[in-house]
Amino acid sequence: MITAQRVLAAVALAAGATALAAPAASAAHSDAGALSVTHEIDSLATGSVAPEHRDELPTPSQQLNGLNRLAGIPHDLDPLTSQLAPVTGLLGS
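If you're wondering where the values come from, they're calculated on a predicted model, not measured in any experiment.

(A) Summary view of the overall build of the chain. Of the regular secondary structure elements, the chain holds five helices and zero strands. Reading the chain from its N terminus to its C terminus gives the helix and strand order α-α-α-α-α. Looking at the chain residue by residue over its 93 residues, the buried ones come to 5%. Carbon and sulfur atoms provide 66% of the accessible area of the chain, an area that totals close to 7900 Å².

(B) A look at a nonpolar patch on the surface. A contiguous nonpolar patch, built from L64, L67, L70, I73, L77, L80 and L84 and spanning about 630 Å² of accessible area, is present on the exposed surface. Elements with a contribution of two residues or more to the nonpolar patch: α3 (60-71) and α5 (78-91). A total of three residues in the nonpolar patch trace back to one element, the largest contributor, which is α3. Here L64 lies in helix α3. Overall, the relative accessible area of 45% leaves L64 in the partly exposed class.

(C) Layout of the side chain of D42. Counting through the fold element by element, D42 comes out in helix α2 (residues 37-47). Although D42 is buried, it forms no salt bridge, and the closest oppositely charged side chain is R54 at an N-O distance of 12 Å. Filtering out sequence-adjacent residues up to four positions away, D42 remains in contact with T59, P60 and S61.

(D) Region of the structure containing the side chain of S61. Here S61 lies in helix α3. You can call S61 buried: its relative accessible area is 18%. Within the local environment of S61, its side chain forms a polar contact with the side chain of D42, the two groups lying 2.7 Å apart. Those residues in contact with S61 that sit more than four places away from it in its chain are T38 and D42.

(E) Region of the structure containing the environment of T59. Secondary-structure assignment places T59 in the loop between α2 and α3. Residue T59 is classed as buried on the basis of its relative accessible area, which comes to 18%. As a C-alpha pair, T59 and H39 span 20 residues in sequence and 9.5 Å in three-dimensional space. When near neighbours in sequence (up to four residues on either side) are disregarded, T59 contacts D42 and T46.

Criteria and cut-off values
Residues numbered from 1 in each chain as written. Predicted model: local features only at pLDDT ≥ 70, side-chain atom pairs only at ≥ 80, totals over all residues. Heavy atoms only, no water. Helix = DSSP H or I, 4+ residues; strand = E, 2+ residues; numbered from the N terminus. Buried < 20%, exposed > 50% of the residue type's maximum accessible area, 1.4 Å probe, protein only. Areas by Shrake-Rupley, 256 points an atom, 1.4 Å probe, with all protein chains shown as cover. Patch = residues over 30% accessible without salt bridge, like charges linked within 9 Å, V, L, I, M, F, W, Y side chains within 5 Å. Salt bridge = Lys/Arg side-chain N within 4 Å of Asp/Glu carboxyl O. Lys, Arg positive; Asp, Glu negative; His and termini not counted. Contact = heavy atoms within 4.5 Å. Polar contact = N/O pair within 3.5 Å; in protein donor to acceptor, adjacent residues only side chain to side chain.

What is shown is where atoms sit, not what they do.
Pasting the structure below:
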């Protein structure tokens, strides 16, 4: 077995072991309480900002919520675009 094959086999074995251990690890933390990734990121982001300026800056979770609202805009515009569809067919592209 050449060295590259050995390395590939070791990486594949490690990936397989990780894939098998991940569900068990997530199940162990489910009883520990509510762990939130966004809460941890928010606390890390606000920790480096001076206390008097923390209210002025949006947290990363607030920024992500804003992006989620932007993603919903095309669905909000569906009634308008469906009414304009016959007109746009006449105008061409």
